[in-house]
Every structure is written in structure tokens, then in C-alpha cells.
Amino acid sequence: MKTKWSEYVQESHQNMIKEMNTRDLGKLRADAAEYFIRDWINENTALRVIRRNDLHLHPDFPFQPEDPNESGYDLLSSTGLKIQAKYRQGDLHLETTRRNSKKNKNDSSSTGHVAYSANEFDVLVIVQPSKEVSDDCTKVEYLAIPTSALKRENSDFLVTRVDAKTHKKYKGKAKTVLENLGNSIDENQ
């Protein structure tokens, strides 16, 4: 018997790759994608970001979360840019799971899946692995889409799926989109 959960997670991960189980791989990699995207942004853009739950470790970051439930964003830049990080192997869906409540009554389903509010984050960053199911995290595409491009018409909510037109518009532009948004946030302070 193994002595660490990380050993079982690794075994499970390798089995999902072997079985080409992209659905469960996505669930397993979701949290790790936040660290992965954090590192990519820090190494490939002018922005400096940390995971939201690491804010207490960084007194130099002047922005502290106002929402104790930590809804909305995963990463925060030193300029205050709020980033929602996602791992998506296929469909670019954006629903989040929340309790059915007064706040979500107009945009919830019976399963508790709801659309994000338009003010929860500034940019969505998606890491998409290649179609080949593997453990190689160098074969990925980064997609950064401003919240303004995801907002539903006449609504305070975002779309629940990124359509092909929006995907095409922002494909290959993650670095530029992030730096432009980071600069605009900085200039508005």
C-alpha cells in the first residue's frame, strides 16, 4: 500500500491518460491548472500574479479579497487584474456550481450550475491541451478573453460557453490581451 495521496493521484492520472478519459482528467487537472497558468503568466508576460488563496502570504499585493466565499476569480495581478483560470480539453464551458439563491435565481438551473456575473473577474484564461491525451504540459494553447467579450447582451451575466467566433478572435493572443488588460487596470487606479 502507498503512503501518500499524491502517489494515488499520480496512479489515477496515468490511468486516465491511458484510458483517454478526458472528462475526469479535466476534473483532476482543474486545480493544478491555476498553478500552471500562474507560472505561464509570470514567465511569459509583464504581469506578476499570485493565486487568490495565497494573498495572505504576499503583503506586497495591495489587493485583498472582499468576498469571503472566494467566488469569481482564481489569480490576481499586482495591478489588481482579476483572472479566472480554466482547464478545458474540449468544450469551452463556463458554468460554475453555486447554491440556488436569490442572487442566482435568474440564471441558475436545477443542478446548481449558474453563469458567472459580469463583474466577478476581468479576464478568462483557458489552458487547452492538444487533442493528444498525454502528460506533456508543453503542448497546450493559452486563450485569454476579456470579460467584456463574454458578456451576454442586455444582461449582467456572462455566456455559459465560448463560441467559435470568440475563440478564433482571441486565439494566439493571450500574452497581448493579458498585458493590455493589466496595463489598463493599472492606469485606472
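As the structure is a computational prediction, the values presented were derived from the model and not from experiment.

Here is what the cut-offs are and how they apply
Residue numbers run consecutively from 1 along every chain, following the written order of its sequence. Local features are withheld for residues below a pLDDT of 70 in this predicted model, meaning they are given only at 70 or higher, and side-chain atom pairs are given and counted only at 80 or more; totals for whole chains, interfaces and linings count all residues. Excluding hydrogens and water, the side-chain values take into account all heavy atoms of the structure. Whether a residue is buried, partly exposed or exposed follows from its accessible area with a 1.4 Å probe, protein chains only, as a fraction of its type maximum: under 20%, in between, or over 50%, in that order. Put simply, DSSP H or I for four residues or longer makes a helix, DSSP E for two residues or longer makes a strand, and each gets a number counted from the N terminus. Pairing between strands is defined by DSSP: at least two bridges between the two strands are required. Buried Ala, Val, Leu, Ile, Met, Phe, Trp, Tyr and Cys residues that are joined via side-chain atoms within 4.5 Å together make up what is termed a nonpolar core. Whenever a carboxyl oxygen of Asp or Glu lies within 4 Å of a side-chain nitrogen of Lys or Arg, that contact is scored as a salt bridge.

How would you sum up the pairing of strand β6 (residues 123-129)? Please name residues and give values.
Summarising burial for β6: 7 of the 7 residues are buried, a large majority. Going residue by residue along β6, you find Val123, Val125, Val127 and Pro129 tucked away on one face and Leu124, Ile126 and Gln128 tucked away on the opposite face as well. Direction of pairing for strand β3 (residues 82-87) relative to β6: parallel, over a ladder of 5 bridges. Its bridge partner lying in β6, tyrosine 87 is registered against valine 127. Sheet topology note: the β6/strand β7 (residues 140-146) ladder contains 7 bridges and is antiparallel.

Before we move on, can you summarise the nonpolar core with the specific residues and values?
Most often, soluble globular proteins have nonpolar side chains that are buried together. Counting 34 residues, the largest nonpolar core has Ile41, Ile83, Val123 and Leu178 as its most contacted members. Those elements that provide at least two residues to this core are α2 (22-44), β2 (75-77), β3, β6, β7 and α4 (174-187). At 5 residues, the largest contribution of residues to this core is made by β6.

Outline the pairing of β3, supporting the account with residue identities and numerical values.
When you tally the buried positions in β3, you get 5 out of 6 residues, the bulk of the element. Where β2 meets β3, 2 bridges bridge the pair, whose relative direction is antiparallel. Its bridge partner lying in β3, leucine 76 is registered against lysine 82. Hairpin connection from β2 to β3: 4 residues lie between these consecutive antiparallel strands, with glycine 80 at a positive phi of about 100°.

Tell me about the pattern of salt bridges, residues and numbers included.
Applying the stated criterion across every chain, the model contains 9 salt bridges. Across the salt bridge formed by lysine 2 and glutamate 11, the nearest N and O atoms sit 3.0 Å from each other. For lysine 2, a relative accessible area of 35% corresponds to the partly exposed category. The partly exposed category is assigned to glutamate 11, whose relative accessible area is 44%. With its nearest N and O atoms 4.0 Å apart, the salt bridge here joins lysine 27 to aspartate 24.

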